Amino acid sequence: MASRYRLALPQILTLGFLTIILIGTILLSLPISSQSGHMTGYINSFFTATSATCVTGMTVVNTAIHWSLFGKIVILMLVEIGGLGFMTFAVLLFVFMRRKVDLTTQLLTQQSLNLQSFANTRSVVFLVVRLSLAIQLLGTGLIFIDFYPRYGFVKGLGYSIFHSISAFCNAGFDLYDNSLVRFQNDPYLLFVLTLLIISGSLGFLVWKDILFYHEDHYLSLHTKLALTTYLGLIVISFIIFMLTEANFSSQNHLSFFDRLMNSYFFSVTPRTAGFYTVPLNKISMGGIFFTMILMLIGGTPGSTAGGIKTTTVGILLIRVWATLRGKRDANFWGRRFTNDNVSRSLTLVFLVAVVLSIATLILTFTEKIPRTFGLEYILFDVVSAFGTTGFTLGLTPHLSIIGKLIFAALMFMGRVGIFTVMYSLLTSKGPEDAFRYPEENVMIG
């Protein structure tokens, strides 16, 4: 009878993330976590813990002003755990306790990091940890070069650590009241932050292929597709933002080079990082629309980023192009995508569209929206929450209790994965179908 109630892997992953969020909620609600020394409401603590664990960066209270040093450390720990995946830390715990990593833990880690096989789980986890720590330490040092003259040693080091971890984990948490607007004229800092953002959102499997290319002389199809799509999106985004945001009123005081750097920064950060150097209310409608597309796409599978992922978009674009040319297969770099790849990509996009539509519809009833604002006021923040970006046009800080719970659910699905969440809710332990129905075509288009 015990096996009958055994949880499926997606359910364990979902419950694991929920456990981390609940622990974070309790810690953030303690008086020691706030600057005032008073307890923070459970809803606001839950929202912040969810945002940190799901590396989103959405806030309903000002991070720099509201939280104490202890609260900020808790947020940073949640960001680190959420960015690297709690199963990574579970495997490390097994190693430190000198215990053998059991099969269930290996399978969970495989699913958490999107590994093709669990045979090398331990080595991949060590690679993830070493690589992450190395990049974040390097990022801290590079940011400290800029922050030390501004803030001195102690504050400069603390700010450097916080923003290095936040950027690498694509969390978007910052210690300022208007993100990074004050650093519009600091191309060095913007470039360092984009390197950290890209490093975190490329995906650990991509880094593994790149770092060991000299040994294997081989890049997987996943890495080729991820790099091609990712770099292509950066180039296209840079060109579009240069065209749509040529007349930023807030950028008139910037040199041409600074405008180039800000456009480049904005071509990287909407893909789940959540930092901005130009107030979002200064962006054109074309820029807002394209930002929503970037937030929805997100980063690479197995990374610290959210969204539907670059490989999903790449597969669908290649499949559409093949169909329009009358080709049977979707081919890329001498390989053919499986039907399962294409089917899962289509299913994912459809599920996301349904979830975002339902969330937007509910929020039109629960939130008080000024008549002068359009639907984009809600839809932008909804996409931002699911894409774990953290951008807002102003709705998020004023959410109702129902709105905060909806946004928390969106952030959770965006980080854990909509397939994982759906499987954990719908997975049945019954036997698989023993037969298949006859197939028949229907008219499409």
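What to know about the overall build of the protein chain
Logical step 1: From N to C terminus, the protein chain includes 19 helices and 3 strands.
Logical step 2: Buried residues in the protein chain amount to 53% of all 445 residues.
Logical step 3: The long-range fraction of contacts in the protein chain, counting pairs at least 24 apart against all pairs at least 6 apart in sequence, stands at 71%.
Logical step 4: Surface summary for the protein chain: the accessible area is close to 22,200 Å², and the carbon and sulfur share equals 66%.

Details of the side chain of Ser29
Logical step 1: Tracing the chain through its elements places Ser29 in helix 1 (residues 9-29).
Logical step 2: Sequence-distant contacts of Ser29, defined by excluding residues within four places in its chain, comprise Met39, Thr40, Tyr42 and Ser45.

A closer look at the packing of helix 10 (residues 204-211) against helix 12 (residues 221-244)
Logical step 1: For the pair helix 10 and helix 12, interaxial distance at closest approach is 9 Å and the crossing angle is 110°. As the angle between them shows, helix 10 and helix 12 are arranged roughly perpendicular. Contacts between helix 10 and helix 12 involve Leu205, Val206, Asp209 and Ile210 from the former and His222, Thr223, Ala226 and Leu227 from the latter.
Logical step 2: Across the contact of helix 10 with helix 12, the residue classes tally to 5 nonpolar, 2 polar and 1 charged.

Examining the pattern of salt bridges
For side chains of opposite charge, pairing can occur when their charged atoms come near one another.
Logical step 1: Scanning all chains against the criterion turns up 5 salt bridges.
Logical step 2: Of the charged contacts in the structure, one is a salt bridge between Arg336 and Asp329, with a shortest N-O distance of 4.0 Å.
Logical step 3: Owing to a relative accessible area of 25%, Asp329 belongs among the partly exposed residues under this scheme.
Logical step 4: Through salt bridges with shared partners, a single ionic network connects Asp146, Arg150 and Asp186.

As for unusual backbone geometry
Generally, phi is negative for residues other than glycine and the peptide bonds are trans, each holding for most cases.
Logical step 1: One non-glycine residue, Ser179, adopts positive backbone phi at about 55°.
Logical step 2: Within the element layout of this structure, Ser179 appears in strand 1 (residues 177-180).
Logical step 3: The exposure class of Ser179 is buried, given its relative accessible area of 4%.
Logical step 4: You will see that Lys309, though not glycine, has its phi angle at about 85°, which is positive.
Logical step 5: Along the chain, the position of Lys309 falls in the loop between helix 14 (285-297) and helix 15 (310-324).

Describing the packing of aromatic side chains
Logical step 1: Scanning the model with the defined rule gives 15 aromatic pairs in all.
Logical step 2: With 5.1 Å between their ring centres and 45° between their planes, Tyr151 and Tyr159 make a pair best called tilted.
Logical step 3: A relative accessible area of 16% places Tyr159 in the buried class.
Logical step 4: Geometrically, the ring pair formed by Tyr159 and Tyr176 is edge-to-face, given 5.8 Å between the ring centres and 75° between the ring planes. Remark: Tyr176 occurs in the loop between helix 8 (153-168) and strand 1 and Tyr159 occurs in helix 8; sequence separation between them is 17 residues.
Logical step 5: On the accessibility criterion, Tyr176 (8% relative accessible area) is buried.
Logical step 6: Among the aromatic side chains, those forming a connected cluster through ring pairs are Phe147, Tyr151, Tyr159, Tyr176 and Phe183.
Logical step 7: Over the ring of Tyr230 we find Arg271, and its NZ or CZ is 4.2 Å from the ring centre.

Points about the nonpolar core
Logical step 1: The biggest cluster of nonpolar side chains holds 96 residues, and the ones touching the most others in it are Val79, Leu193, Leu196, Val382, Phe407 and Leu410.
Logical step 2: Filtering out sequence-adjacent residues up to four positions away, Leu410 remains in contact with Val355, Leu356, Ala359, Val382, Ala385 and Phe386.
Logical step 3: Counting residues in each nonpolar core, the second largest holds 7 residues, with Leu225, Ala330, Phe332 and Phe337 among its members.

Considerations on a nonpolar patch on the surface
Logical step 1: A cluster of nonpolar side chains, Ile23, Leu27, Leu30, Ile32 and Phe70, forms an exposed patch at the surface whose accessible area comes to about 390 Å².
Logical step 2: Residue placement: Leu30 occurs in the loop between helix 1 and helix 2 (42-53).
Logical step 3: Using a relative accessible area of 33% as the deciding quantity, one classes Leu30 as partly exposed.

What about the side chain of Ser220?
Logical step 1: For Ser220, the position within the fold is in the loop between helix 11 (213-216) and helix 12.
Logical step 2: Of note is the side chain of Ser220, whose polar atom sits 2.7 Å from the side chain of Asp209.

So, helix 17 (residues 376-386)
Since the α-helix advances by 3.6 residues per turn, residues separated by three or four positions end up pointing in the same direction.
Logical step 1: The buried count for helix 17 comes to 9 of 11 residues, which makes it a mostly enclosed element.
Logical step 2: Within helix 17, burial applies to Tyr377, Ile378, Phe380, Asp381, Val382, Val383, Ser384, Ala385 and Phe386.
Logical step 3: Against the buried residues of helix 17 lie helix 14, helix 16 (339-366) and helix 18 (401-416).
Logical step 4: Of the residues one or two after helix 17, Thr388 is the one with positive phi, at around 50°.

Topic: the environment of Ile165
Logical step 1: If you trace the backbone, Ile165 turns up in helix 8.
Logical step 2: Take Ile165: its relative accessible area is 11%, and that puts it in the buried class.

Remarks on helix 18
Logical step 1: For helix 18, which comprises 16 residues, the first-to-last C-alpha distance of 22 Å matches the rise-based estimate of 22 Å (1.5 Å per residue) to within 8%.
Logical step 2: Burial runs high along helix 18: 12 of the 16 residues are buried.
Logical step 3: Taken together, the buried positions of helix 18 are occupied by Gly403, Lys404, Ile406, Phe407, Ala408, Leu410, Met411, Phe412, Met413, Gly414, Arg415 and Val416.

Quick notes on the environment of Met411
Logical step 1: Residue position: Met411 is located in helix 18.
Logical step 2: Look past the residues within four positions of Met411 in its chain and what remains in contact with it is Phe47, Thr50, Ser51, Cys54, Thr56, Met58, Ala385 and Thr388.

Reading the values: the criteria
- Residues numbered from 1 in each chain as written.
- Predicted model: local features only at pLDDT ≥ 70, side-chain atom pairs only at ≥ 80, totals over all residues.
- Heavy atoms only, no water.
- Helix = DSSP H or I, 4+ residues; strand = E, 2+ residues; numbered from the N terminus.
- Buried < 20%, exposed > 50% of the residue type's maximum accessible area, 1.4 Å probe, protein only.
- Contact = heavy atoms within 4.5 Å.
- Areas by Shrake-Rupley, 256 points an atom, 1.4 Å probe, with all protein chains shown as cover.
- Axes fitted to C-alpha atoms, helices over the stretch in contact; angles between N-to-C directions.
- Parallel < 35°, antiparallel > 145°, perpendicular 65-115°, else oblique.
- Nonpolar A, V, L, I, M, F, W, Y, C, P; charged D, E, K, R; others polar.
- Salt bridge = Lys/Arg side-chain N within 4 Å of Asp/Glu carboxyl O.
- Phe/Tyr/Trp six-rings, centres within 6.5 Å; stacked < 30°, edge-to-face > 60°.
- Lys NZ or Arg CZ within 6 Å of the ring centre and 35° of its normal.
- Core = buried A, V, L, I, M, F, W, Y, C linked by side-chain atoms within 4.5 Å.
- Patch = residues over 30% accessible without salt bridge, like charges linked within 9 Å, V, L, I, M, F, W, Y side chains within 5 Å.
- Polar contact = N/O pair within 3.5 Å; in protein donor to acceptor, adjacent residues only side chain to side chain.
- Expected span 1.5 Å × (residues − 1).

These results come straight from atomic positions and should not be treated as a statement about function.
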